[in-house]
Amino acid sequence: MRYILMILFFFLSVPAIADEREVLYGTWGTEKQCARAPVVPGSLVQSEPFAINSQWLKRGVIWCKLTWLPIEKRGDGIFTGANALCGEDTVRNYLLNMTLSGEELTIVWDFPNKYGPLKQCSAS
């Protein structure tokens, strides 16, 4: 009976944990990424923002399935991470760390690759 109560408690608490991550969901980028400006002037390759939801991270043509790690609340925001499985024919595993401080998101993608500070892109 004790195990049943523990399992029930876990499943009832999962939506509350997921709700804390909602502040990370959306499209994040620099001004250039949000505008999808050319990477180099005159280039056909566009800068791409990060699109994040409860299950996926997308940047341009790259899609990653996310398995979220616990959230740590900090004075000015939150810190969390995710294991990201990226690719199609060949899948690679990455560790992402995300820090939301105020309205700025920083993503560290398999240290030392750091992106940020990123702002939420407007919906238009």
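Residues numbered from 1 in each chain as written. Predicted model: local features only at pLDDT ≥ 70, side-chain atom pairs only at ≥ 80, totals over all residues. Heavy atoms only, no water.

Caption draft 1: Broad picture of unusual backbone geometry. Gly116 connects to Pro117 through a cis peptide bond whose omega is 10°. Note on placement: Pro117 falls in strand β9 (residues 113-120). For Arg36, which is not a glycine, the phi torsion comes out positive at approximately 55°. Position of Arg36 among the secondary structure elements: in the loop between α2 (31-34) and β2 (50-52). Relative accessible area serves as the criterion here: at 38%, Arg36 is assigned to the partly exposed category. (Helix = DSSP H or I, 4+ residues; strand = E, 2+ residues; numbered from the N terminus. Buried < 20%, exposed > 50% of the residue type's maximum accessible area, 1.4 Å probe, protein only.)

Caption draft 2: A look at the pairing of strand β8 (residues 104-109). Taking burial as the measure, the six residues of β8 include five buried ones, the bulk of the element. Summarising the sheet, strand β7 (residues 92-101) and β8 pair through six bridges and their orientation is antiparallel. Among the inter-strand pairings, Met98 is bridged to a residue of β8, identified as Ile107. Joining the antiparallel neighbours β7 and β8 is a turn of two residues, in which Gly102 adopts a positive phi near 65°. (Pairing = 2+ DSSP bridges.)

Caption draft 3: Region of interest: the state of the cysteines. On inspection of all chains with the given rule, the structure shows two disulfides. Disulfide pairing is shown between Cys34 and Cys121; the S-S distance is 1.9 Å. Negative torsions about the S-S bond denote left-handed disulfides, and the value of about -75° found for Cys34 with Cys121 makes this one left-handed. Linking Cys34 in helix α2 with Cys121 in the segment after β9, this pair joins segments that are 87 residues apart in sequence. (Disulfide = S-S within 2.5 Å.)

Caption draft 4: Here's a closer look at the packing of aromatic side chains. The final tally for this structure, using the stated rule, is four aromatic pairs. Seen in terms of ring centroids, Trp56 and Trp63 are 6.0 Å apart; in terms of plane orientation they differ by 80°. Their pairing is edge-to-face. Trp63 sits in the partly exposed class, given a relative accessible area of 45%. Put simply, the rings of Phe50, Tyr94, Trp109 and Tyr115 touch in pairs and so form one group of aromatic residues. Sitting above the plane of the Trp56 ring, Lys65 keeps its charged end 5.8 Å from the centroid. (Phe/Tyr/Trp six-rings, centres within 6.5 Å; stacked < 30°, edge-to-face > 60°. Lys NZ or Arg CZ within 6 Å of the ring centre and 35° of its normal.)

Caption draft 5: Structural detail: a nonpolar patch on the surface. Where nonpolar side chains cluster on the molecular surface, the patch consists of Val39, Val40 and Val45 and spans about 240 Å² of accessible area. Tracing the backbone through its elements, the reader meets Val45 in the loop between α2 and β2. For Val45, a relative accessible area of 52% translates into the label exposed. (Patch = residues over 30% accessible without salt bridge, like charges linked within 9 Å, V, L, I, M, F, W, Y side chains within 5 Å. Areas by Shrake-Rupley, 256 points an atom, 1.4 Å probe, with all protein chains shown as cover. Salt bridge = Lys/Arg side-chain N within 4 Å of Asp/Glu carboxyl O.)

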